[in-house]
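Fold and contact review
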Amino acid sequence: MSLDYKQLRQKYLRLLPAVDKILQETELKGVEREIPRDLIVEAVQEVVAEKRAVIQRALTGRQLEGMTLSPAALALEARQKVDERSRANFQPVFNATGVLLHTNLGRAPLAAVAAAMLQRISSSFCNLELSLQTGRRAYRYEHVEELICRITGAEAALVVNNNAGAVFLALNTLAAGREVVVSRGELVEIGGSFRLPEVMTASGALLAEVGTTNKSYLRDYEGAINEKTALLLKVHSSNFKIMGFTSSVDAASLAGLGRKCCLPVMEDLGSGVLVDLTRYGLPYEPRVQDSIKAGVDVVTFSGDKLLGGPQSGLIIGKKKYLESIKSNQLTRALRVGKMTLAALESTLRLYLDEEKAFREIPVLRMLTVPSTVLKARAEVLAAKLAARLGPGWTIGISREKARVGGGSLPLAFLPSYQVTLERTGTSVNELVKKLRGTRYPVISRVLKNKILLDLRSLLEEADELLIETIVQTFPRSAEEETGGGFEP
Ligand SMILES: *Cc1c(COP(=O)(O)O)cnc(C)c1O
C-alpha cells in the first residue's frame, strides 16, 4: 500500500536534517577556519528552508521521491552557496568580445613583467618617495620621468590618475580664466563621461571654438587669438573619423603658430602610441614622439590604451610648462599610487627595445598577431570543444573582424577568427548568461544567434583554461557520458 502524497510530504519533512547536524559534516567543518561561521550557518539555514519549501509545494509523490536529504548532501549544497558568496566581486574574465581595449573589461592587460613588479611592490614597502642615493625625500614621479623623456623625446613628464585628469590639470594650470582655442571638429566625447567642452568648463578655461565640424584652417586659429587667449589645443578624434571633405591643422603647423604668437600649444592624443603601427599594416596613428618632434609644448595621453600599461594619464612636454603643472595644488588630488608607478615603469622599460615591446605587451601582441595564428588557435579550440561538449552542440569557425576599441583607431578592423557555439534547445541569451556566470566568466559576443569567441582579444596563454571553463560550465549528463541512457 502506498502513502498518499500528503503523508509522503510529512514523511519527507521529518527526514529533513537539523541545521546543527548539517553543520557537523566535514564539508562544512573544513571551511570554518576561512569563512565566518555566521555565513556558514546562514547558508545551511537557507538550504534547509529551500528544501522545506520544495516539499511543501510538491503535489505528487514523484516530485519528492528523487530528493536527497542526507546531511552530507545538504552540507555540500550549503558549501557551494558559501563558496559562491565568498568569491570576489571583482575578478578576471575572458575577453572573447573581439574588442581589444574594452573600458568595461579594464582596458589593457599588463605585460607579465609589469604584473610581477606590481605584485612585488604592492606586497612590500618601497622607495616611493625616498632617494636611495641621498637617503632623503624624493619626488614619486622621478621613478618614471627620465624613462618617459628618453622614450618620447620630451623635456619633462608627469603622471596622473588618467588622461581625463591629465587634460583637466593641464588646462587648469595653463588656461584657467582664459581662452583655449579648439577646432569644432575636435570637441569630442569619449565614453560619455569625458566631453571636452565640459572638462574645459570644469577646469576653469574658456572655450573658443574655431572652424567647422569638417574643416578648420590655420587662419581660423589665428583669427581667434586675442589678449585673453592662453592656449591652442589639438584633440585627437579618438573614437570617430570625419570622412569626405575634411581639413584639419596638423600639430606642426599649430606649434608654429603658437611660437609665432608666444602661446603654448597642447595636444590631447588620447591613446598615445609609442610605436609605429603601419609596419603591421595598421592605419597611421600619430606617435607621441611625433607630436613632441612637431614642437607641441604639452602632450597628454592614456597609460592603459595602446600603451598597454596601468590606468594613468601622462603629461609630457617642455620643462617650463611641466614645472607649473607640477606645482598646481590639484596635482596632489590626481596623484598616482605606488601600484600604478610600479606597473607603468615596467611597461615603459619594455619600450626601450621596440621588438621587446611588441613581443611582451599584450595589447601590441594582440594587435599585430597574424590572422593565420588566430586561425590555427580557433581550429584547435573548436576541435577540443567539439570532442568534449555533449551532443546538441554545433561548433564552427567564423571570420569576422575584431576592433581595437577604447577610442583607438576607430577605423581599424582587424582580421580575426572566432569559434562559434550553438546548442539546440538553449537560447543564445541563455548561453551568454551561463558563460558570464561561471567561475572564470567568459564575456562573449553574439552574431546571428551564435556565440562568437574571438581569438584576437583572448590571451593565448589562457586557451586551455578557456576550454576547461566552457566544458565545466556545460557538463555532459551521465547518459551522454555513457553514450545515451543505456544501462548495463
Ligand atoms: C580616452 C581619451 C581620453 C580619456 O582618457 P582616460 O585615460 O580614459 O581618462 C581623453 N581624450 C581622448 C582624446 C581620449 O581618447
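Residues numbered from 1 in each chain as written. Predicted model: local features only at pLDDT ≥ 70, side-chain atom pairs only at ≥ 80, totals over all residues. Heavy atoms only, no water.

1. Comments concerning the confidence of the model for the protein
Just so we agree on the cut-off: pLDDT measures the predictor's confidence residue by residue and takes values from 0 up to 100. Here, residues are in contact when the closest pair of their heavy atoms is within 4.5 Å.
Across the protein, the average pLDDT comes to 92, with 95% of residues at or above 70. Note on residues 483-488: pLDDT is under 50 here. Beyond four places in sequence and across chains, it has two contacts.

2. Quick notes on the sheet that holds strand S15 (residues 418-423)
Put simply, the rule reads: If DSSP finds at least two bridges between two strands, the strands pair. The secondary structure listing takes helices from DSSP runs of H or I that are at least 4 residues long and strands from runs of E that are at least 2 residues long, numbered from the N terminus. Fitting a line to C-alpha atoms yields each axis, with helices limited to the stretch in contact; the angle taken between N-to-C directions then spans 0 to 180 degrees.
Reading across the sheet, the four strands line up as S12-S15-S18-S17 and stay open at both edges, with antiparallel pairing between neighbours. The sheet terminates laterally at strand S12 (393-398) and strand S17 (445-447), the two strands that pair on one side only. The mean angle between the axes of side-by-side strands here comes to 35 degrees, regardless of whether they run parallel or antiparallel. With six bridges joining them, S12 and S15 adopt antiparallel strand pairing. By the bridge assignment for S15, Thr394 is matched with Glu422. Of the strands in this sheet, S12 and S15 touch helix H19 (residues 371-388), which is tilted by about 175 degrees from S12.

3. Some points on the pattern of salt bridges
The following threshold applies: The term salt bridge refers to a pairing of a side-chain nitrogen on Lys or Arg with a carboxyl oxygen on Asp or Glu at a separation within 4 Å. Here the term buried applies to any residue with accessible area under 20% of the maximum for its type, exposed to any over 50%, and partly exposed to those in between, with areas from a 1.4 Å probe on protein chains only.
Per the counting criterion, the structure on display carries 29 salt bridges. Glu129 is the partner of Arg140 in a salt bridge, and the nearest nitrogen-oxygen pair spans 2.8 Å. Linking Arg140 in the loop between helix H7 (112-122) and helix H8 (142-152) with Glu129 in the loop between H7 and H8, this pair joins segments that are 11 residues apart in sequence. Looking at Arg140, the relative accessible area reads 7%, which means it is buried. Since its relative accessible area comes to 24%, Glu129 is described here as partly exposed. Ionic pairing is found between Lys375 and Glu379, a salt bridge with its closest N-O pair at 3.9 Å.

4. Digging into the domain arrangement of the protein
Definition in use: Either an automatic procedure or a domain database provided the assignment from which the domain bounds are taken.
The domains assigned to the protein are domain 1 (3-86), domain 2 (94-101 + 367-487) and domain 3 (112-360). Inter-centroid distance (C-alpha atoms) of domain 2 to domain 3 is 37 Å.

5. A word on the nonpolar core
Condition: Nine residue types can take part in a nonpolar core, namely buried Ala, Val, Leu, Ile, Met, Phe, Trp, Tyr and Cys, and a core is a set of them joined through side-chain atoms within 4.5 Å.
One finds Val180, Leu233, Leu277, Leu306, Ile315, Ile316 and Tyr351 to be the most contacted residues of the largest nonpolar core, which totals 90 residues. The element best represented in this core is helix H9 (residues 163-175), accounting for seven residues. Counting the residues that make up this core, at least three belong to each of domain 2 (94-101 + 367-487) and domain 3 (112-360). Ala96, Val369, Ala462 and Ile470 belong to the second largest nonpolar core, which has 28 residues in total.

6. Quick look at the sheet that holds strand S7 (residues 206-210)
Here we have seven strands laid out as an open sheet, ordered S3-S11-S10-S9-S8-S4-S7, and mixed in their pairing. Both outer strands of the open sheet, strand S3 (156-160) and S7, are each paired with one neighbouring strand and no more. Geometrically, the sheet is characterised by an average inter-axis angle of 25 degrees between neighbouring strands, direction not taken into account. Along the sheet, H8 contacts S3 and strand S11 (313-317); its crossing angle with S3, the most-contacted strand, is approximately 120 degrees. The strands that H9 touches are S3, strand S4 (179-183), strand S8 (229-235), strand S9 (265-270), strand S10 (298-302) and S11; relative to S10, the one it contacts most, it runs at about 160 degrees.

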